[in-house]
Amino acid sequence: MDYQTLSISIADKLATVTLNRPDVRNAFNEQTINELTVAFNELGRDDVVRAIVLAANGPAFCAGADLNWMKKMAGYTHAENNADAMQLAQMLRAIYLCPKPVVAKVQGDCYAGGMGLVAACDIAVAVEEANFCLSEAKLGLIPATISPYVIKAMGENAARRYFLTAERFSAREAHRIGFVHETVGADALDAKVNEIVKALLTNSPNAVKEAKVLVREVVNQPVSDALLADTALRIAQIRASEQGREGVQSFLEKRKPNWLN
Ligand SMILES: C/C(=C\C(=O)SCCNC(=O)CCNC(=O)[C@H](O)C(C)(C)COP(=O)(O)OP(=O)(O)OC[C@H]1O[C@@H](n2cnc3c(N)ncnc32)[C@H](O)[C@@H]1OP(=O)(O)O)CC(=O)O
């Protein structure tokens, strides 16, 4: 695909997807939504890629949905408007379900749908200067398609406050409520993200993929007999897998596992 609103680079098993509409603070329109969906689907299938960083160009990480596009869609038929909103929902799901681990590198302000992008990622690191805001209610909107991911990331209690008040909050608060995993000074952002990527790339690719599925499928389930059976099956399968055997064997033989060769 000839990407117009993103730039994508791949080096040393890491793909970096960079939002690239800095003039509008990386607000996403239908083109960005399509490009992000294609990019995450393709990178998810690319055997060369073992981890993905979602980054952004310019002063802000992302100002959410492009309000010119939102305005245009509001004038469309209900069916067209709804179909278009589904594209947005599918973009977020493409990131969330991507079989590769995804790290959000938040170098600046992150508003509304931008918070949805971050929440759909597995790990988020933000600069201390970044501000966060679920601004939708100020605009007469609601954070609808982003809600499954944002509520999981910040928890119901914080969501009740910030969905309703649309207050702006600091990176420190985003960290306190668990929305981002870490905050760092701007000059330390690259190093912190690289450190996390290095940890991801050191692990068994299959285990990382399966661990991502595990969290997604186990969260919020009651500890039932069915869940016990499911988790037992997962460890039984992975310890008999090629990388499961190799990982344990390499530890016992005091050598590096073969996926690091
Ligand atoms: C996904 C769902 C809903 C949404 O996401 S609705 C989107 C809500 N977004 C916002 O409320 C953010 C609006 N933007 C801002 O508040 C600020 O731009 C900022 C992010 C705090 C950054 O501030 P800064 O001072 O750095 O930049 P400017 O405000 O001067 O903006 C520069 C430039 O960019 C234009 N712009 C900014 N945001 C948007 C946007 N979202 N859409 C379109 N254009 C945007 C802004 O107008 C400026 O343009 P100029 O022509 O240069 O004036 C719903 C669901 O979940 O389903």
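Remember, it's a predicted structure, so these values are computed and weren't measured experimentally. (Residues numbered from 1 in each chain as written. Predicted model: local features only at pLDDT ≥ 70, side-chain atom pairs only at ≥ 80, totals over all residues. Heavy atoms only, no water.)

**Topic: the overall build of the chain**
Phase 1 of the analysis: Helices and strands together make up the secondary structure of the chain, namely 10 helices and 10 strands.
Phase 2 of the analysis: Since a compact globule built from 261 residues should have a radius of gyration of about 18 Å, the 19 Å found for the chain is in line with a globular shape.
Phase 3 of the analysis: Overall size of the chain, expressed as C-alpha extent along the three principal axes, is 65 × 45 × 35 Å.
Phase 4 of the analysis: Expressed as a percentage of its 261 residues, the buried residues of the chain come to 44%.
Phase 5 of the analysis: For the chain, restricting intrachain contacts to residue pairs at least 6 apart in sequence, the fraction spanning at least 24 positions comes to 71%.
Phase 6 of the analysis: Summed over all atoms, the accessible surface of the chain reaches about 13700 Å², with 54% contributed by carbon and sulfur. (Helix = DSSP H or I, 4+ residues; strand = E, 2+ residues; numbered from the N terminus. Rg over C-alpha atoms; globule rule 2.2 N^0.38 Å. Buried < 20%, exposed > 50% of the residue type's maximum accessible area, 1.4 Å probe, protein only. Contact = heavy atoms within 4.5 Å. Areas by Shrake-Rupley, 256 points an atom, 1.4 Å probe, with all protein chains shown as cover.)

**Notes on the packing of helix α2 (residues 67–74) against helix α3 (residues 78–96)**
Each pair of packed helices can be summarised by the angle the axes make with each other and by the distance between the axes.
Phase 1 of the analysis: For the pair α2 and α3, the least separation of the axes is 9 Å and the interaxial angle reads 145°. Facing Trp69, Met73 and Ala74 of α2, the residues of α3 in contact are Glu80, Asn81, Asp84 and Leu88.
Phase 2 of the analysis: Grouping the amino acids of the contact of α2 with α3 by side-chain chemistry returns 4 nonpolar, 1 polar and 2 charged. (Axes fitted to C-alpha atoms, helices over the stretch in contact; angles between N-to-C directions. Nonpolar A, V, L, I, M, F, W, Y, C, P; charged D, E, K, R; others polar.)

**With respect to the side chain of Arg50**
Phase 1 of the analysis: As for its position among the elements, Arg50 is in the loop between α1 (30–45) and β3 (51–56).
Phase 2 of the analysis: With no salt bridge to any partner, buried Arg50 finds its closest opposite charge in Asp47, at an N-O distance of 9.9 Å.
Phase 3 of the analysis: A distance of 2.7 Å separates a polar atom in the side chain of Arg50 from the backbone oxygen of Leu201.
Phase 4 of the analysis: Among the polar contacts listed, one links the side chain of Arg50 to the backbone oxygen of Asn203, at a separation of 3.3 Å.
Phase 5 of the analysis: Excluding residues that lie within four positions of it along the chain, Arg50 makes contacts with Lys13, Lys100, Pro101, Leu200, Leu201, Asn203, Pro205 and Trp259. (Lys, Arg positive; Asp, Glu negative; His and termini not counted. Salt bridge = Lys/Arg side-chain N within 4 Å of Asp/Glu carboxyl O. Polar contact = N/O pair within 3.5 Å; in protein donor to acceptor, adjacent residues only side chain to side chain.)

**Things to note about the site of the ligand**
Phase 1 of the analysis: Neighbouring the ligand are 22 residues, the closest being Arg25, Ala65, Leu67, Ser135 and Thr145.
Phase 2 of the analysis: Measuring from an oxygen atom of the ligand, one finds a backbone N or O atom of Ile146 at 3.3 Å.
Phase 3 of the analysis: Taken together, the elements giving at least two residues each to the shell around the ligand come down to α2 and β6 (109–111).
Phase 4 of the analysis: The residue makeup of the shell around the ligand, split by class, is 13 nonpolar, 4 polar and 5 charged. (Near = heavy atom within 4 Å.)

**Examining the environment of Ile151**
Phase 1 of the analysis: Relative to the helices and strands, Ile151 resides in helix α5 (residues 147–165).
Phase 2 of the analysis: Each C-alpha atom of the pair Ile151 and Gly116 lies 9.6 Å from the other, and the pair is 35 residues apart in sequence.
Phase 3 of the analysis: Excluding anything up to four places from it in sequence, Ile151 contacts Glu156, Ala159 and Phe163.

**Structural notes on helix α10 (residues 242–252)**
Note on helix geometry: an α-helix contains 3.6 residues per turn, so any two residues three or four positions apart are oriented the same way.
Phase 1 of the analysis: Here α10 has its buried residues at Gly244, Glu246 and Ser250.
Phase 2 of the analysis: Downstream of α10 by a residue or two, Lys254 has a phi angle that is positive, lying close to 55°.

**A closer look at the sheet that holds strand β8 (residues 131–133)**
Phase 1 of the analysis: The 4 strands are arranged β4-β6-β8-β9 in an open sheet whose pairing can be described as mixed. The open sheet terminates on both sides in strands that have one partner only, identified here as β4 (60–62) and β9 (168–170). Taken pair by pair, the neighbouring strands of this sheet meet at an average axis angle of 20°, ignoring direction.
Phase 2 of the analysis: Across 3 bridges, β8 lies against β9 in antiparallel orientation. Paired with Phe132 across the bridge in β9 is Phe169.
Phase 3 of the analysis: On top of the sheet, helix α4 (residues 113–120) reaches β4, β6, β8 and β9; it is set at about 100° to β6, its chief contact. (Pairing = 2+ DSSP bridges.)

**A short note on the domain arrangement of the chain**
Phase 1 of the analysis: Per the domain assignment, the segments of the chain are domain 1 (6–200) and domain 2 (204–260).
Phase 2 of the analysis: Relative to domain 2, the C-alpha centre of domain 1 lies at a distance of 28 Å.
Phase 3 of the analysis: Listed as interface residues are 13 residues of domain 1 and, on the opposing side, 8 residues of domain 2.
Phase 4 of the analysis: Interface area, domain 1 with domain 2, both sides summed: about 740 Å², of which 54% is carbon and sulfur. (Domains from an automatic or database assignment. Buried area = accessible area lost by both parts, 1.4 Å probe.)

**A few points about the confidence of the model for the chain**
Phase 1 of the analysis: Here the chain averages 97 in pLDDT, and 100% of its residues register 70 or above.
Phase 2 of the analysis: Scored as a complex, the prediction yields pTM 0.98 and ipTM 0.99. (pLDDT = per-residue confidence, 0-100.)

**Quick look at unusual backbone geometry**
Phase 1 of the analysis: The phi dihedral of Lys13 is positive, around 75°, even though this residue is not glycine.
Phase 2 of the analysis: Along the chain, Lys13 turns up in the loop between β1 (6–11) and β2 (14–19).
Phase 3 of the analysis: Even without being glycine, Lys254 reaches a positive phi, approximately 55°.
Phase 4 of the analysis: With respect to the helices, strands and loops of the structure, Lys254 is situated in the segment after α10.

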